[in-house]
Amino acid sequence: MVKAVAATAALQIAEKPAYPFVFNLTHEAEARALTHPRGFLESLKRSFDRQLARADVRLAYWFAIDITREGRLHIQGAYGAVIEADALKEIMWAAWGKWKVNPQFQVKLAWRCCDDGWATYSLREHRRVSKRIGQTFTLTRPLQRDAQWTYSEVREIMSSSSKASMQRHPVHPR
């Protein structure tokens, strides 16, 4: 969960706004990913990365696999806004399939700016999902580097703040 929060924070401080997304998989995409030799998550990531490359789009993103109460797997994530939402929907449909009925309800993009709570929410069922598919979270390498930097900066700030607080209010043994 810390990686997802750090990745979201890194997206938030980037030049472009960060947006959350939800993608509901087709039954075919879910079945294909469940039988993929490299695993469910890796199958979806590879397919998405391939479609991004075909469209010549460099997108910083993370996503997690979530599950509904009924057991339907779907994708929740965040991305840096370097592409129009409609173009990104087309890439996602090419990567993960498009519903034949009501595809306008399959993808939800850019409805608000992304915040840290989205990462926590997206991974709330991590244990339940991981029992079914294994790994549940992925992010792009550039975003991983940015997230590591963001995490270390936050740790440094927290450490400095803690030290300053201890100097102002030393703890005395009784």
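Residues numbered from 1 in each chain as written. Predicted model: local features only at pLDDT ≥ 70, side-chain atom pairs only at ≥ 80, totals over all residues. Heavy atoms only, no water.

**Things to note about the pattern of salt bridges**
And step 1. In the structure shown here, the tally under the stated rule is 6 salt bridges.
And step 2. Between R46 and E42 there is a salt bridge, and its shortest N-O distance comes to 3.0 Å. With a gap of 4 residues between them, R46 and E42 both fall in helix α3 (residues 40–54), about one helical turn apart.
And step 3. Across the salt bridge formed by E125 and R128, the nearest N and O atoms sit 3.9 Å from each other. (Salt bridge = Lys/Arg side-chain N within 4 Å of Asp/Glu carboxyl O. Helix = DSSP H or I, 4+ residues; strand = E, 2+ residues; numbered from the N terminus.)

**A few points about the pairing of strand β3 (residues 73–80)**
And step 1. Among the 8 residues that make up β3, 8 are buried, leaving the element largely enclosed by the rest of the structure.
And step 2. Alternating residues of β3 divide into L73, I75, G77 and Y79 and H74, Q76, A78 and G80, and every residue in both groups is buried.
And step 3. Two elements, strand β1 (residues 18–24) and β3, share 7 bridges in a ladder whose sense is antiparallel. Residue pairing for β3: F21 is matched across the bridge by G77.
And step 4. Both strand β2 (residues 61–67) and β3 contribute to a ladder of 7 bridges, which runs antiparallel. Counted as the bridge partner of F63 is G77 from β3.
And step 5. Once β2 ends, the chain turns through 5 residues before running back antiparallel as β3, passing G71 with a positive phi of about 95 degrees. (Buried < 20%, exposed > 50% of the residue type's maximum accessible area, 1.4 Å probe, protein only. Pairing = 2+ DSSP bridges.)

**Points about the side chain of Q51**
And step 1. By the element assignment, Q51 lies in helix α3.
And step 2. Residue classification places Q51 among the buried positions, given a relative accessible area of 14%.
And step 3. Among all residues touching Q51, those that are not within four sequence positions of it are I91, A94 and A95. (Contact = heavy atoms within 4.5 Å.)

**Description of the packing of α3 against helix α4 (residues 85–96)**
And step 1. α4 packs onto α3 with a crossing angle of 130 degrees between their chain directions and a minimal axis gap of 8 Å. What the angle tells us is that α3 and α4 run oblique. Relative to α4, α3 is oriented so that their crossing is right-handed. Residues L44, S47, F48, Q51 and L52 of α3 form the contact with α4, whose participating residues are L88, I91, M92, A94, A95 and W96. (Axes fitted to C-alpha atoms, helices over the stretch in contact; angles between N-to-C directions. Parallel < 35°, antiparallel > 145°, perpendicular 65-115°, else oblique. Left-handed = near helix turned anticlockwise from the far one by under 90°.)

**Let's talk about the confidence of the model for the protein**
Detailed reading of predicted coordinates is not advised where the pLDDT is low.
And step 1. On average, the protein scores 87 in pLDDT, and the residues at 70 or more come to 90%.
And step 2. By mean pLDDT, the top-scoring element of the protein is α3 (97), and the lowest-scoring one is helix α7 (residues 141–168) (71). (pLDDT = per-residue confidence, 0-100.)

**Thoughts on the nonpolar core**
And step 1. Among the nonpolar cores identified, the biggest contains 32 residues, and F48, F63, I65 and W96 are the most heavily contacted of them.
And step 2. Going through the elements one at a time, β1, α2 (27–34), α3, β2, β3, α4, β4 (107–109) and α6 (126–133) are the ones with two or more residues in this core.
And step 3. Tallying contributions element by element places α4 first for this core, with 6 residues.
And step 4. Leave out the neighbours within four places in its chain, and F63 touches F21, L41, L44, K45, F48, I75, Q76, G77, W96, T136, F137 and T138. (Core = buried A, V, L, I, M, F, W, Y, C linked by side-chain atoms within 4.5 Å.)

**Digging into the sheet that holds strand β5 (residues 137–139)**
And step 1. Judged by pairing direction, the sheet is antiparallel, and its 5 strands sit side by side in the order β4-β1-β3-β2-β5 without closing on themselves. Each having just a single partner strand, β4 and β5 make up the two edges of the open sheet. Adjacent strand axes in the sheet meet at a mean angle of 15 degrees, parallel and antiparallel pairs treated alike.
And step 2. Bridging between β2 and β5 involves 3 bridges; their strand directions are antiparallel.

**Quick notes on the pairing of β2**
And step 1. The buried fraction of β2 is high, at 7 of 7 residues.
And step 2. Where burial is concerned, the two faces of β2 agree: the one with Y61, F63, I65 and I67 and the one with W62, A64 and D66 are both buried.

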